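Single-letter residue listing:
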Amino acid sequence: LGLEFIEIEKFDTWHPAVRLFRVIDVATKQKQGFFYLDLHPRDGKYGHAAIFHLLKRWGDQVPVDCMLCNLPAPSADGKPALLRHSNCVTFFHEFGHIMHGLCASGDGNST
């Protein structure tokens, strides 16, 4: 399994901190899908980590998923955030769901 993640810089979003990625199968050069990444807490945001299947694979439609977390953000002076082990576990757990949604085959797969 070889995937390439290409960040899309300009897109409509619900918050400036949200990122969007196009996922390409390296071997076939076919689009696998898209996923939004919303990592940091803010007022009014869902308080837990979760993923949402916005669109599932169906015919020519590729999946579009969203991963929400509330991980520490970098400091205002640009220092990177330090993650606790539990933050890393949460990130990779949720990202596993994203990978399942992007890589599963079949219409309306059972993700």
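Scroll up a little and you will see the structure.
Everything numeric in this text was worked out from a predicted model, so none of it was measured.

Moving on, we get to unusual backbone geometry. The phi dihedral of Lys29 is positive, around 65°, even though this residue is not glycine. Note on placement: Lys29 falls in the loop between β2 (19-25) and β3 (31-38).

Here we take up the nonpolar core. Ranked by internal contacts, the top residues of the largest apolar core, which has 13 residues, are Phe35, Leu37, Met67 and Ile98. Contributions of two or more residues to this core are made by β2, β3 and α1 (85-103). A per-element tally of this core places α1 first, with 3 residues. Not counting chain neighbours up to four residues away, the residues in contact with Leu37 comprise Ala17, Val18, Arg19, Phe21 and Met67. Within the second largest apolar cluster, 9 residues are counted, among which are Ile8, Val18, Leu20 and Val64.

This paragraph deals with the packing of aromatic side chains. Enumeration over the complete set of coordinates arrives at 9 aromatic pairs. Relative to Phe35, the ring of Phe5 lies with its centre 6.0 Å away and its plane at 85°, an arrangement referred to as edge-to-face. Taken together, the positions of Phe5 in strand β1 (residues 3-8) and Phe35 in strand β3 put the pair 30 residues apart, joining distant regions of the chain. You can call Phe35 buried: its relative accessible area is 3%. Where Phe35 meets Phe95, the ring centres are 5.9 Å apart and the plane angle is 65°; that geometry is what we call edge-to-face. Placement of Phe35 in strand β3 and of Phe95 in helix α1 is noted, with a sequence separation of 60 residues between them. Taken together, Phe5, Phe21, Phe35, Phe91, Phe92 and Phe95 form an aromatic cluster joined through their ring pairs.

In this section: α1. For α1, built from 19 residues, the straight-helix expectation of 27 Å at 1.5 Å per residue is met to within 8% by its first-to-last C-alpha distance of 26 Å. For α1, the set of buried residues is Asn87, Glu94, Ile98, Met99, Gly101 and Leu102. The buried residues of α1 occupy one face: seen down the axis, they fall within an arc of 155°. Exposed residues lying more than 90 degrees from the buried face of α1 are His85 and Phe92. The elements touched by buried residues of α1 are β1, β2, β3, β4 (50-55) and β5 (64-68).

Before going further, it helps to examine the environment of Asp60. Structurally, Asp60 is set in the loop between β4 and β5. Under the relative-accessibility criterion, Asp60 is labelled exposed at 81%. Placed 25 residues apart in sequence, Asp60 and His85 show a C-alpha to C-alpha distance of 39 Å.

With that settled, the discussion passes to the pattern of salt bridges. In total, this model carries 3 salt bridges according to the counting rule given. For the salt bridge of Arg42 with Asp38, the shortest nitrogen-to-oxygen distance reads 2.8 Å. According to the relative accessible area criterion, Arg42 is partly exposed, its value standing at 26%. Two residues, Asp38 and Lys45, come together in a salt bridge whose shortest N-O distance is 3.1 Å.

What counts, and where the lines are drawn
- Residues numbered from 1 in each chain as written.
- Predicted model: local features only at pLDDT ≥ 70, side-chain atom pairs only at ≥ 80, totals over all residues.
- Heavy atoms only, no water.
- Helix = DSSP H or I, 4+ residues; strand = E, 2+ residues; numbered from the N terminus.
- Core = buried A, V, L, I, M, F, W, Y, C linked by side-chain atoms within 4.5 Å.
- Buried < 20%, exposed > 50% of the residue type's maximum accessible area, 1.4 Å probe, protein only.
- Contact = heavy atoms within 4.5 Å.
- Phe/Tyr/Trp six-rings, centres within 6.5 Å; stacked < 30°, edge-to-face > 60°.
- Expected span 1.5 Å × (residues − 1).
- Arc of directions from axis to C-beta.
- Salt bridge = Lys/Arg side-chain N within 4 Å of Asp/Glu carboxyl O.

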